[in-house]
Amino acid sequence: MQNLLIVSENELLKQDLIFQIEQYAPEFNIVSEDSATDIIVIDQAQELINSYANKFPHSPIFVLLEKGVEAPKEKGLIKYFQKPISLSNFINSLCSAINLAS
C-alpha cells in the first residue's frame with residue numbers, strides 16, 4: 001500500500017479527493033504531513049513544490065492547477081493537472097506513479 005499525502009488549503013476539495021481515492025483506488029493510504037510519504041498531491045500551491053521535493057526526493061508530486069493557469073514544463077517526478085481534473089485520468093496517473101515511487 002502506497003502512502004499518499006494531499007496538501008490543500010481547500011478542505012472541501014481535500015475531503016472530496018480523499019473520498020474519491022478511497023472509493024476508486026484503495027491501494028493508497030492517505031497520510032498526514034508527518035508520515036512517511038510515497039506520493040504527494042499539492043493543490044494550487046506551486047510554491048510548496050521545492051519544499052516537498054527536498055523532503056521526499058523520490059516521491060512523485062502531482063500539482064493541481066486552477067483553470068487558466070499555465071502549467072510549467074513537467075520535470076522529473078512533478079506532474080501537473082489543470083482543474084477541473086478528470087478523476088479517472090488522475091487516479092490512473094496515481095496508480096502509474098506507484099512504479100515510480102517503488
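Quick notes on the rules
- Residues numbered from 1 in each chain as written.
- Predicted model: local features only at pLDDT ≥ 70, side-chain atom pairs only at ≥ 80, totals over all residues.
- Heavy atoms only, no water.
- Salt bridge = Lys/Arg side-chain N within 4 Å of Asp/Glu carboxyl O.
- Helix = DSSP H or I, 4+ residues; strand = E, 2+ residues; numbered from the N terminus.
- Buried < 20%, exposed > 50% of the residue type's maximum accessible area, 1.4 Å probe, protein only.
- Expected span 1.5 Å × (residues − 1).
- Arc of directions from axis to C-beta.
- Polar contact = N/O pair within 3.5 Å; in protein donor to acceptor, adjacent residues only side chain to side chain.
- Pairing = 2+ DSSP bridges.
- Right-handed = clockwise from strand over helix to strand, strands pointing away.

Quick look at the pattern of salt bridges now. One pass over the structure, following the stated rule, counts two salt bridges. In this structure, the salt-bridge partner of lysine 83 is glutamate 66, at a minimum N-O distance of 3.3 Å. Taken together, the residues span a long stretch of sequence, with lysine 83 in the loop between β5 (78-82) and α3 (87-101) and glutamate 66 in the loop between β4 (61-65) and β5 at a distance of 17 residues. Judged by relative accessible area, which is 13%, lysine 83 ranks as buried. Of the residues examined, glutamate 66 reaches a relative accessible area of 36% and is grouped as partly exposed.

Below, the discussion takes up helix α1 (residues 11-24). For α1, which comprises 14 residues, the first-to-last C-alpha distance of 20 Å matches the rise-based estimate of 20 Å (1.5 Å per residue) to within 8%. Regarding α1, the residues found buried are Leu17, Ile18, Gln20 and Ile21. Seen from one end, α1 has its buried residues packed into an arc of 165°, which puts them on one side. At the N-terminal boundary of α1, the capping side chain belongs to asparagine 10, with an oxygen 3.2 Å from the backbone nitrogen of leucine 12.

Time to look at the pairing of strand β3 (residues 39-43). Burial analysis of β3 places five of its five residues in the buried class, which makes it a mostly covered element. Neither face of β3 is left uncovered, since the one carrying Ile39, Val41 and Asp43 and the one carrying Ile40 and Ile42 both have all their residues buried. Taken together, the four bridges between strand β1 (residues 2-7) and β3 define a ladder with parallel strand orientation. Bridged to valine 7 within β3 is isoleucine 42. A crossover links β3 with its parallel partner β4, the connecting element being helix α2 (residues 49-55), and its sense is right-handed.

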